[in-house]
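Take a look at the letters that make up each chain.
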Amino acid sequence: MHIYTTKFCIWLTMNGVTINEIQNVYKQPDSLKKQWAAHSYHGLEEHNSRAVINRYLGYWDANPATLAPLSPRDSAPLYVEMMGGSGKILAKGRELYRQGKYREAMEIVNKLVYAQPDNTAAKDLLADIFEQIGYQKESPSMRNSFLGAAYELRHGMPTGASPKSNGPDMIKAMNTELWLNSLGISLDSKKAAGMNFTINLSTPDNGEKFIVEMSNSALTNIKGQQAKNPTLSITRHRSDLERVMGGQTTFEQLQAEGKAKFDGDRKAFDQLKSALTVFKPDFELMPGTKSKQIPKPVNTKPQDPFTAQELAITAGE
């Protein structure tokens, strides 16, 4: 199936079908449709056909109007205005819904929800539309995407404790280079503007050495090297670093205990720490679904930005 999908999708593009159309044109041959293993149980035709084009040709369809489009929240109000306002869109959306034209209804009602995130009638209608599309999908991932969005539109983002992914085993399995790369991801480039320094990082217990460089608002690292004239050198055992990564201690506490050594200009470390972001995975994917209630204050200290963060966690009850 993979070979067929790849070759047929590229053949379609050579005949003028773009990445924004291929999901409506790509079809499996009958010989594959009859094989249960080729069904959309894992992955789906609409997504995978577009993914093939994205891999080989990129996301752009060569239309300059789609090269740098407006963000949905910026373009949606214009669509709503030109369609005559929310009343007309809701009426037409309900008409299309009754006719079973769910994708057409989704096209216009989604615009209204982005333009008016607090429009409950629009969100409820879009949730109904998403449900009907989801019910018809064989692919669990696609079905759950639609049904999950429908739930959030009606009830808001799920709340409650999230599963934990940064336990001791995960921390131990995360190598130092990967941890340094994650710090580079969490760097706020705006806060890092103008910062320039080089830090030598070494862990004597396992013999690792790194150069950590801040320049051009980006944090990079080189394994197995040490700079000749670093701004700062930090020495501590990998076992102690794992405690920092796991949120059990901090660099400052290790230094106070004599388990971390700082040689050079400490300002570089303080600058790095000040530019790191602690991610909170509670941003909304559908507009108007995040709770507007102010959370109750919790008597916990702020998370140390050097702690390994749970970047792949999604909230859920």
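Notes on the structure follow.

Definitions and limits used
- Residues numbered from 1 in each chain as written.
- Predicted model: local features only at pLDDT ≥ 70, side-chain atom pairs only at ≥ 80, totals over all residues.
- Heavy atoms only, no water.
- Helix = DSSP H or I, 4+ residues; strand = E, 2+ residues; numbered from the N terminus.
- Buried < 20%, exposed > 50% of the residue type's maximum accessible area, 1.4 Å probe, protein only.
- Contact = heavy atoms within 4.5 Å.
- Areas by Shrake-Rupley, 256 points an atom, 1.4 Å probe, with all protein chains shown as cover.
- Expected span 1.5 Å × (residues − 1).
- Axes fitted to C-alpha atoms, helices over the stretch in contact; angles between N-to-C directions.
- Parallel < 35°, antiparallel > 145°, perpendicular 65-115°, else oblique.
- Left-handed = near helix turned anticlockwise from the far one by under 90°.

1. Comments concerning the overall build of the chain
Each helix and strand counted, the chain has 13 helices and five strands in total. Once the C-alpha set of the chain is aligned to its principal axes, its extents read approximately 70 × 50 × 40 Å. Going through the 317 residues of the chain one by one, you find that 36% of them count as buried. Residue pairs at least 24 apart in sequence account for 65% of intrachain contacts in the chain once pairs closer than 6 positions are excluded. Of the roughly 19,300 Å² of accessible surface on the chain, a fraction of 54% belongs to carbon and sulfur atoms.

2. Quick word on helix 6 (residues 102-115)
Given a rise of 1.5 Å per residue, 14 residues ought to cover 20 Å, and the 20 Å separating the end C-alpha atoms of helix 6 matches this to within 8%. Those residues of helix 6 lying buried are Y102, A105, I108, V109, K111, L112, V113 and Y114. Contact partners of the buried residues in helix 6: helix 4 (72-82), helix 5 (86-98), helix 7 (120-135) and helix 8 (140-155).

3. Side note on the packing of helix 7 against helix 8
If you want to describe how two helices pack, look at the angle between their axes and the distance between the axes. As a packed pair, helix 7 and helix 8 sit with axes 8 Å apart at the nearest point and diverge in direction by 160°. Here helix 8 runs roughly antiparallel to helix 7, going by the angle between their axes. The crossing of helix 7 and helix 8 is left-handed. Residues K123, D124, L126, A127, D128, F130, E131, I133, G134 and Y135 of helix 7 form the contact with helix 8, whose own contacting residues are R143, F146, L147, A149, A150, L153 and R154.

4. Quick look at the environment of S239
One can find S239 in helix 11 (residues 238-245). In the structure, S239 is positioned 129 residues away from N110 in sequence and 50 Å away in space, judged by C-alpha atoms.

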